[in-house]
Amino acid sequence: MSFNDGLIRKISSMAERLEHRGELLHVATSRDQFVDLVDIIHKVGGRLVSLHATDERATAESFMMYAILDHDGCLIEVVSPVWDGVPFQSLVPRVHAANWYEREIQDMFGLTPHGHPDPRPLVLYDDWPQDTFPLRKDFDSSIDIPRIPREYKYRHMEGDGVFEIPVGPVHAGVIEPGHFRFSVAGEPIMALEIRLGYVHRGVEKLSETMPYHKGVILAERISGDTSAAHSAAYCQSVEQLFEIKAPERAEYIRTIILELERLYNHLGDISGIALDTAFAVPAADGYVLRERVLELNEWLTGSRLLRSINTIGGVNKDIDRDKSAKLLSHLVDLRLQFERLSSTMMSSVSMLDRVEGTGILSKENARSLGCVGPIARASGVDIDTRRDHPYAAYPDMSFRIPLQKSGDVYARTVVRIDEVRESFAIIEQALDRIPNGSICTEFTGAPIKTTALSLVEASRGELMHWMIGEEEKPFRHKIRDPSFCNWLGLELAVRGDIVPDFPLVNKSFSLSYAGNDL
Amino acid sequence: MDESTEQLGKQLQERIHQLFGRSLGIREVDAGSCNGCEVEVNALTNAIHDIERFGMHIVASPRHADMLLVTGAVTRNMEMPLIKTYRATPSPKMVVAMGSCAASGGPFLSSYAVVGPVDSLIPVDVYIPGCPPRPQAIIHGIMVALDLLEEANNR
């Protein structure tokens, strides 16, 4: 896709430097122009992919702030300096999607957004000292960080008959930790506030200390059920840095395991939705199918969660002819069972009654928050990285991108059901066309000086790994899990629904806490 | 049906019945996991493994639990919730540290945001290695915890 000429002219008039780097347009600008420039791209439909900072005080005498935008299939990277002690102008009043990013930058770098409507801490709160910033280069991880009492202020809603229901961080089900605070008047939810960060493990800082080959192992543990997508994105960005290319056969194998990952996650989500509407039969059937895929993963690769397959320069495991044939026959079987399950589910009146019109996320809100993946597609936002910025073997695959308009639990269920069908078809195509050859190229050379950006469509949506490299390990590694873009969508979607519908709406969003908290 | 699960499960069922005369209540606590361990704990309750038939019940509150199944290297932000959950569990109680992170801190040990492995905060009875441990390994780990409980009872 090519850039719109008028937009380019506008951008270049505000830029200090403009550079085409493959698919990416790199735009360096001054601090004063940064917000206006991002806003101009945003106004013509540019979607904020990420907003993050780096500590480049050693070389550039300042921090740098990077905004990545996706405009009509073109990626734009806007960068400007930010100085310690000088608050930067917040993007949030104009680009709502920047909200959590700026709060994260504040926590991690100690750079303060000026004009942010909600400048509370995002992941380091309560008792984190206010002058310690982990992603600064002069931060010393070896010292013990004292606990300094500090209060996290929740938003309060007041009025006759308004009550608050606090839930978590330790939940009743087997799920990850997070805190939900509902303000209710009777049954209906008037507002929900989500507070996360409980599983913040400092992944981005750790990655800066890990040699590239170990970084793959860390990437697989960012969000366990997204191991294949995170490791693929990590490997792709390192491959970009070292200008190496995975062999074609490896790209096909990556595609197959990425789709297997989507399959087991979507099957789990679909079954979870059935379970939360108390429709036990398809739920049980669905979880059996999910287990079958996990077993298939183990048989095919040695790991139920598809770990240790992606490696820098390709993959570690080959799929031989024998395995390929067996995998195909398993898929036929799974497909038949899945069709039975989905028709049972979607023809049940009691099930439809629970999911239709529940937890609506409007297209406008989905766009404004920068939602991604099945959540965005269920609200009519037509984005899918596999088509928009193809990687691995996706350029050779033909597949459909399911879209729905209603933005409710029903739409999110249907989108996933359709995507499961597409995943089956993609795996079959990949197995059919997989070329012969090696599965890994040698990892050598020195990293390029510019940034590397890799996007992968995980089961939850667009996933980004962005990197500045050094010889042995990343200088800065920014990870943006799809859940980071979708959590605020949940806050909006449950408004007006009743409390007992919350688990159902939450399940239909299927968000990762670990991926969000990093 | 997986034979190893079947065999393990039958043994467990007898032991649980002898020791408790009812089901064993397990509360899972994610203290900083990547959610890989949660995938496998959830797999325990699908119709293939179905641990409920062996008398193992995942309960909704630590107040109902005989055993805490803790995953993840304990993060700074989960230190207090984990200790509170431990205190809320009635004695006698067992703690199982599930997965490499819970047992040793895994790749997260040196992070500023991680306090340490589970046993740096609460006493642990059994460690289940694996990243994540397979469902059969979890069942095996629970059985080892029961052995320890029985030994303590006989002492």
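Calculation notes
- Residues numbered from 1 in each chain as written.
- Chains lettered and ligands numbered in written order.
- Predicted model: local features only at pLDDT ≥ 70, side-chain atom pairs only at ≥ 80, totals over all residues.
- Heavy atoms only, no water.
- Pairing = 2+ DSSP bridges.
- Helix = DSSP H or I, 4+ residues; strand = E, 2+ residues; numbered from the N terminus.
- Axes fitted to C-alpha atoms, helices over the stretch in contact; angles between N-to-C directions.
- 1 Å grid on protein atoms, 1.4 Å probe; cavity = no way out; pocket = protein on both sides within 12 Å on 5 of 7 lines; lining within 4 Å.
- Points joined across faces, edges and corners; volume = space filled by probe spheres on them.
- Nonpolar A, V, L, I, M, F, W, Y, C, P; charged D, E, K, R; others polar.
- Domains from an automatic or database assignment.
- Phe/Tyr/Trp six-rings, centres within 6.5 Å; stacked < 30°, edge-to-face > 60°.
- Buried < 20%, exposed > 50% of the residue type's maximum accessible area, 1.4 Å probe, protein only.
- Lys NZ or Arg CZ within 6 Å of the ring centre and 35° of its normal.

*Asks:* How should I be thinking about the sheet that holds strand S13 (residues 452-458) of chain A in this particular structure?
*Replies:* By definition, the strands of a sheet pair up through backbone hydrogen bonds, in either a parallel or an antiparallel sense. Residue and element names in this part refer to chain A. Reading across from one edge, S13-S14-S15 is the order of the three strands in this open sheet, with antiparallel pairing throughout. The open sheet has two edge strands with one neighbour each: S13 and strand S15 (474-480). Between one strand axis and the next, the sheet turns through 15 degrees on average, direction left out of account. Where S13 meets strand S14 (residues 461-469), seven bridges bridge the pair, whose relative direction is antiparallel. Across the sheet, Leu453 pairs through a bridge with Trp466, a residue of S14.

*Asks:* Looking at this structure, I do not really get empty space enclosed by the protein. What am I missing?
*Replies:* Take a probe with the size of a water molecule and roll it over the atoms, and the empty space left behind shows itself. Residues and elements named next belong to chain A. Here the structure, examined in full by the defined rule, presents seven cavities of 30 Å³ or more. In this structure, the largest cavity occupies an estimated 120 Å³ of space. Looking at the largest cavity, it is lined by 17 residues, and the ones nearest its centre are Glu104, Met108, Leu135, Glu204 and Lys478. Put simply, the parts of the chain that give the lining of the largest cavity at least two residues each are strand S3 (47-56), helix H4 (99-109), helix H5 (203-208) and S15. In terms of residue class, the lining of the largest cavity is made up of eight nonpolar, three polar and six charged.

*Asks:* Whenever I open this one, the layout of surface pockets confuses me. Can you help?
*Replies:* In this model, the largest pocket occupies a volume close to 1,300 Å³. Taken together, 45 residues make up the lining of the largest pocket; nearest its centre are Val174, Ile175, Tyr287 and Lys507 of chain A together with Asn42 of chain B. Broken down by secondary-structure element, the contributors of at least two residues to the lining of the largest pocket are strand S8 (162-167), strand S9 (179-185), helix H8 (248-276), helix H9 (280-301) and helix H17 (502-509) of chain A together with helix H2 (36-43) of chain B. At seven residues, H9 of chain A tops the list of elements feeding residues into the lining of the largest pocket. Residue composition of the lining of the largest pocket, grouped by class: 24 nonpolar, 11 polar and 10 charged. There are two domains that each give the lining of the largest pocket at least three residues, and those are domain 2 (162-195) and domain 3 (203-313 + 320-516) of chain A. Taken as a whole, the second largest pocket encloses approximately 800 Å³ of empty space. Lining the second largest pocket are 30 residues, and of these Glu23, Gln236, Gln240, Pro390 and Leu453 of chain A sit closest to its centre. Elements with a minimum of two residues in the lining of the second largest pocket: helix H7 (227-241), H8 and S13 of chain A. Looking at the lining of the second largest pocket, you find at least three residues from each of domain 1 (5-95) and domain 3 (203-313 + 320-516) of chain A.

*Asks:* Would you explain the packing of aromatic side chains in this entry?
*Replies:* Aromatic ring pairs are reported here in terms of the distance separating the ring centres and the angle at which the planes meet. Residues and elements named next belong to chain A. On inspection of all chains with the given rule, the structure shows 17 aromatic pairs over all chains. Between Tyr152 and Tyr154, the ring centres sit 5.1 Å apart and the planes meet at 70 degrees, which makes this aromatic pair edge-to-face. Each member of the pair, Tyr152 as well as Tyr154, is classed as buried. Here the aromatic cluster, defined as three or more aromatic residues joined through ring pairs, consists of Phe180, Phe182, Trp487, Phe502 and Tyr513. Across the ring face of Phe475, the terminal group of Lys137 is positioned such that the distance to the ring centre comes to 4.2 Å. Stacked on the ring of Tyr152, the Lys or Arg Arg195 has its end atom at 4.2 Å from the ring centre.

By themselves, these observations are geometric and do not establish any function.
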